[in-house]
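Letter by letter, the chains look like this.
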Amino acid sequence: MENNNLTIKLKVWRQENAGAKGKFVDYTIDDVNPDMSFLEMLDELNEELIKKDDLPIEFDNDCREGICGMCGMVINGTAHGPKSGTTTCEVRMRQFKDGETILIEPWRARPFPVIKDLVVDRSAFDRIMVAGGYIDVKTGSAPDAHTVLVPKENADLAMDMAACIGCGACVAACPNASASLFVGAKVSQFALLPQGQPEATKRVEAMVAQMDEEGFGACSNHGECEAVCPKNISILAIARMRREYWKASVH
Amino acid sequence: MKLDSKIPGGPLAEKWDKHKFDMKVVNPKNKRKFTVLVVGTGLAGASAAASMAELGYHVKSFCIQDSPRRAHSIGAQGGINAAKNYPNDGDSIWRLFYDTIKGGDYRSREANVYRLAQVSNNIIDQTVAQGVPYQREYGGLLANRSFGGALVSRTFYARGQTGQQLLLGAYSALMAQVHSGMVEILPRREMVELVMINDQARGIIVRNLINGEFERYVGDAVVLATGGYAQVYFLSTNAMNSNASAIWRAHKKGALFGNPCYVQIHPTCIPRSGDYQSKLTLMSESLRNDGRVWVPKKKGDKRPPNEIPEDERDYYLERKYPTFGNMVPRDVASRNAKMVCDEGRGVGKTGLAVYLDFRDAIKEFGREVIEEKYGNLFEMYKMITDEDGYQVPMRIYPAPHYTMGGLWVDYNLMSTIPGLHVIGEANFSDHGANRLGASALMQGLADGYFVLPYTIGNYLGGTKLEKVSTDHEAFKEAEAEAKAKYDKLLSIKGSKTVKEFHQEIGSIMWNYVGMSRNAEGLKKALEEIPRLREEFWQNVKIAGSEDSLNKNLEFAGRVADYLEFGELMAQDALHREESCGGHFREEHQTEEGEALRDDENFTYVAAWEFKGLGKKWELHKEPLEFENVTLTQRSYK
């Protein structure tokens, strides 16, 4: 049978822990099946490293189907790799050429400190959510689901925004390390729904304040976030967040 | 040990209400004196933690990922069932109850399932209020679709990401409680031991996955919401970090394990393509609403699918089950796919796949409609296989997906260890021998939002709990025990990797304790698993050290547990001399190849007690009593 397998050269960021100085390390991996996922290629490399008594490359991943938001690497300078609308785990080796060198780095942003190798700490996102990323509705207190109608158009737009998986690619791609797309998506989801109205003012103010406190930068409309977002969340999210923020300030 | 299911008396429809009234209620002022430890932040864990905190309990919430939002409930695609009857097609709480009991092949408790159907409607109300963007009709009302095993449309959905949206709803409720100071989130922690004091569950030992340190947490009750054990097969649709270790630790401390052999093999997964593969990807069974399943009539027909004429195709589900057609329950669909592949009529390179064809649906409704319904699934399929499902039929094959078995719990969701509650997929309770589509989300959220918050009060309010701290001798012992395991793993320095062992146990389980089982194969598994386990403890090779982030070591701990747990699964499958739901014993089938139950001898829950490794587990039986439905041969014809 024809063998289309690839030889791939890797330059991978290795960093022992948060305090250590990191560096790029070169690896070559042969016989890469083009149907493999990018993470499976790294699995294979890690198996080789383990067998050679080297330390495997640490990287976060979980569902491997693009929905949990746990994986994330900068591949050849682009968060989540070459293809738009995909997570790192959805990248396939057929997207690379035989003999190609691939540069792999962690998310780089001050609010996402490196824990080890390609693993970063994104708990800042959770803290932003704690600040106000919810509708306060205690269990058991909800009215019948059909009490409040939601126009389909708004429900669909809210769903577009709610698709955010919290992976942090938007931050990694932004020259200012802004979390505006992440925050904007959540603010927009609730702003588009009648259920989100009562707390709208408080929510946008609290989430934006927490975003600032975590050290994320401001948005200056580069649009890099939208370009790398694996869920194709539109930068309109940020426009809506700003509108909500202004509305709140004149409230 | 006497199993007491604590099912309340009285008529089925009144049991839960009566029980809610009979249970002890903790005075609101006293609630804050209690701390509950909740392990896992999926639909069940997050909803339970949030709801208990709202009531006033202090909650510590643990998860293995970097954030509670990542739990694998997020992967659920298709939808969530509820008996709202919005489409006016004759649904009711009774019908949802009946379909679920029948779908589970009459191997679940009537009272539990009825309660599940009762609270299903509250879940929809609750999640809509949380801002879950369900699919809507143009008039602004909620949309429904149908799922396998039902003839009514009762499934609510948010595109193909219903699990994600419901999980984010529960996560946001949890975050609101973090905000109010009632919940403390402890991410990147893996539970490695359960701590028992005075025969009550009073704490856990977790390993901090960043620095490797063992940490002790004390509470008045422990809740395990740690999901299922399908990763025992190595290749499954579960997430990489999904594992059985928390429930297995509890089992070894005395919690009985219910029906471990009941595993769901999901019919619509993307077939495997090579040895490098790390996981299998599921596509929602909602695809079967419009996709038609077929294989060529001829064996070994290698023509491209679009060149095979209509009269040479076998739409075998439509042919064999005219009433339900492509919408038969998962166990039936999976088994039939295996059967046609075993006959040599499978398609694709490996011959281990069947077609799921949208040609006719596209012709009838137009590509746009299909795209709106399933667009993300077609994209996912394209990404993985490099094929366009709109142009050529998709190839699908069954894969391990969900486990109906789990720790045995009573009606209050408490295990046989006082204080240890188990919710969601981690318990055995509501799905019998087969779970219907869109019922996992329903059960996880029912347990977490609407059952446990009541029943835990009954336990806390009615139990004498000694004041203890993490300095207690039991914590020291449990920590030492956990640490010893990891020390030992690292000291072996053998030559075979953790992944290789995982693949081996996975292939034993898939071959002998998979979709179709027989006594000979199961006996073989029972010989091979202990042998492999012994080899593991002599020859496993693990990288790195204990005192830093080390995923290889984490996996080693989990694989070590599968090498014990797999044996119990095989033992349960061997003992159950009948076929029911996901458990198909080749020796027990009808002439047409359908599952043949033995109601006279096996209408019970098999709850297994751990007696020490190398010894047989002891079987305890909880008889299943059916007062409201009649057991029949499950037919979808």
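Parameters at a glance
- Residues numbered from 1 in each chain as written.
- Chains lettered and ligands numbered in written order.
- Predicted model: local features only at pLDDT ≥ 70, side-chain atom pairs only at ≥ 80, totals over all residues.
- Helix = DSSP H or I, 4+ residues; strand = E, 2+ residues; numbered from the N terminus.
- Rg over C-alpha atoms; globule rule 2.2 N^0.38 Å.
- Buried ≥ 20, exposed ≤ 12 C-beta atoms within 10 Å, placed from the backbone.
- Pairing = 2+ DSSP bridges.
- Core = buried A, V, L, I, M, F, W, Y, C linked by C-beta atoms within 7 Å.
- Contact = placed C-beta atoms within 7 Å.
- Domains from an automatic or database assignment.
- Nonpolar A, V, L, I, M, F, W, Y, C, P; charged D, E, K, R; others polar.
- Axes fitted to C-alpha atoms, helices over the stretch in contact; angles between N-to-C directions.
- Expected span 1.5 Å × (residues − 1).
- Bend = angle between axes of the 7 residues up to and from the residue.

**Some words on the overall build of chain B**
Then comes step 1: Counting its secondary structure elements, chain B contains 17 helices and 21 strands.
Then comes step 2: Here the C-alpha atoms of chain B give a radius of gyration of 24 Å, agreeing with the 26 Å that 2.2 N^0.38 yields for 637 residues.
Then comes step 3: Summarising its shape, the C-alpha atoms of chain B cover approximately 75 × 60 × 50 Å along the three principal directions.
Then comes step 4: Burial status across chain B gives 60% buried among its 637 residues.

**Description of the pairing of strand β9 (residues 221-224) of chain B**
Residues and elements named next belong to chain B.
Then comes step 1: The side-chain alternation of β9 yields two buried faces, one formed by Ala 221 and Val 223 and the other by Val 222 and Leu 224.
Then comes step 2: In this sheet, β9 lies alongside strand β1 (residues 35-39) in parallel orientation, the contact comprising 4 bridges. What sits directly across from Val 38, in β9, is Val 223.
Then comes step 3: Here 3 bridges tie β9 to strand β17 (residues 420-422), and the two strands are oriented parallel to one another.

**Digging into the nonpolar core**
Then comes step 1: One finds Cys 170 of chain A together with Val 223, Leu 224 and Leu 407 of chain B to be the most contacted residues of the largest nonpolar core, which totals 294 residues.
Then comes step 2: Among the elements that make up this core, the one with the highest residue count is helix α16 (residues 551-575) of chain B (13 residues).
Then comes step 3: The residues touching Leu 224 of chain B, leaving out its near neighbours within four places in the chain, are Val 39, Gly 40, Ala 246, Ile 247, Ala 250, Leu 407, Leu 420, Val 422 and Ala 426 of chain B.

**Some thoughts on the domain arrangement of chain B**
Think of interface size as the accessible area that goes away when the parts come together; that is how it is often given.
Residues and elements named next belong to chain B.
Then comes step 1: On domain assignment, one finds that chain B holds domain 1 (35-262 + 404-461), domain 2 (266-400) and domain 3 (478-598).
Then comes step 2: Placing the centre of domain 2 and that of domain 3 at their C-alpha centroids yields a distance of 30 Å.
Then comes step 3: Counting from both sides, the interface comprises 6 residues of domain 2 and, opposite them, 6 residues of domain 3.
Then comes step 4: Its residues placed into classes, the side of domain 2 that touches domain 3 shows 2 nonpolar, 1 polar and 3 charged.

**Quick notes on the domain arrangement of chain A**
All names here are of chain A.
Then comes step 1: As far as domains go, chain A holds domain 1 (6-105) and domain 2 (123-249).
Then comes step 2: Here the C-alpha centre of domain 2 lies 30 Å away from the C-alpha centre of domain 1.
Then comes step 3: Counting residues at the interface gives 13 residues for domain 1 and 11 residues for domain 2.
Then comes step 4: Here the residues of the side of domain 1 that touches domain 2 sort into 4 nonpolar, 9 polar and no charged.

**Examining the interface of chain A and chain B**
Then comes step 1: With 64 residues of chain A at the interface, the matching set in chain B holds 63 residues.
Then comes step 2: Looking at the side of chain A that touches chain B, the elements with two or more residues in it are α1 (38-51), β6 (114-116), α2 (123-132), α3 (152-162) and α5 (180-191) of chain A.
Then comes step 3: For the side of chain A that touches chain B, the leading source of residues is α1 of chain A, giving 7 residues.
Then comes step 4: Of the residues assigned to the side of chain A that touches chain B, the class counts are 30 nonpolar, 13 polar and 21 charged.

**Observations regarding the sheet that holds strand β5 (residues 183-186) of chain B**
Residues and elements named next belong to chain B.
Then comes step 1: With parallel pairing, 5 strands are arranged side by side in an open sheet as β5-β2-β1-β9-β17. This sheet does not close on itself; its edge strands, each paired only once, are β5 and β17. Sheet twist, expressed as the average angle between the axes of neighbouring strands with direction ignored, equals 20°.
Then comes step 2: Pairing between β1 and strand β2 (residues 58-62): 5 bridges, direction parallel. Its bridge partner lying in β2, Val 38 is registered against Ser 61.
Then comes step 3: In the packing of helix α12 (residues 440-461) onto the sheet, the strands contacted are β1, β9 and β17, and the crossing angle to β9 comes to about 150°.

**What about unusual backbone geometry?**
Residue and element names in this part refer to chain A.
Then comes step 1: Unusually for a residue other than glycine, Asp 53 sits at a positive phi of about 60°.
Then comes step 2: Among the structural elements, Asp 53 can be located in the loop between α1 and β3 (74-75).
Then comes step 3: For Asp 53, a count of 10 C-beta atoms within 10 Å puts it in the exposed group.
Then comes step 4: The backbone of His 80 sits at a positive phi, close to 65°, despite the residue not being glycine.
Then comes step 5: Its place among the elements puts His 80 in the loop between β4 (78-79) and β5 (101-105).

**Some thoughts on the environment of Asn 550 of chain B**
Residues and elements named next belong to chain B.
Then comes step 1: With respect to the helices and strands, Asn 550 occurs in the loop between β19 (540-541) and α16.
Then comes step 2: Using a count of 23 C-beta atoms within 10 Å as the deciding quantity, one classes Asn 550 as buried.
Then comes step 3: Setting aside its immediate chain neighbours within four residues, Asn 550 contacts Gly 212, Gly 544 and Ser 545.

**A word on the sheet that holds strand β12 (residues 292-296) of chain B**
All names here are of chain B.
Then comes step 1: Across the sheet, 5 strands lie side by side as β11-β15-β14-β12-β13; this open sheet has antiparallel pairing. On the outer flanks of this sheet lie β11 (263-269) and β13 (313-314), each paired with one strand and no other.
Then comes step 2: Two elements, β11 and strand β15 (residues 394-403), share 5 bridges in a ladder whose sense is antiparallel. Paired with Cys 269 across the bridge in β15 is Tyr 397.

**A look at helix α7 (residues 245-252) of chain B**
Then comes step 1: α7 of chain B sits mainly inside the fold: 7 of its 8 residues count as buried.
Then comes step 2: The positive-phi residue at the C-terminal boundary of α7 of chain B is Gly 254 of chain B, with phi of around 125°.

**Looking at α12 of chain B**
Then comes step 1: The terminal C-alpha atoms of α12 of chain B, which comprises 22 residues, lie 30 Å apart, in line with the 32 Å expected from a rise of 1.5 Å per residue.
Then comes step 2: The largest bend in α12 of chain B is about 55°, located at Val 451 of chain B, with the proline Pro 453 of chain B one to four residues further on.

**Considering the pairing of β15 of chain B**
Regular strands place their side chains on alternate faces of the sheet.
All names here are of chain B.
Then comes step 1: Here β15 lies mainly inside the structure; 10 of its 10 residues are buried.
Then comes step 2: Alignment of strand β14 (residues 354-357) against β15, held across 3 bridges, turns out to be antiparallel. Directly across from Leu 356, in β15, lies its bridge partner Met 394.

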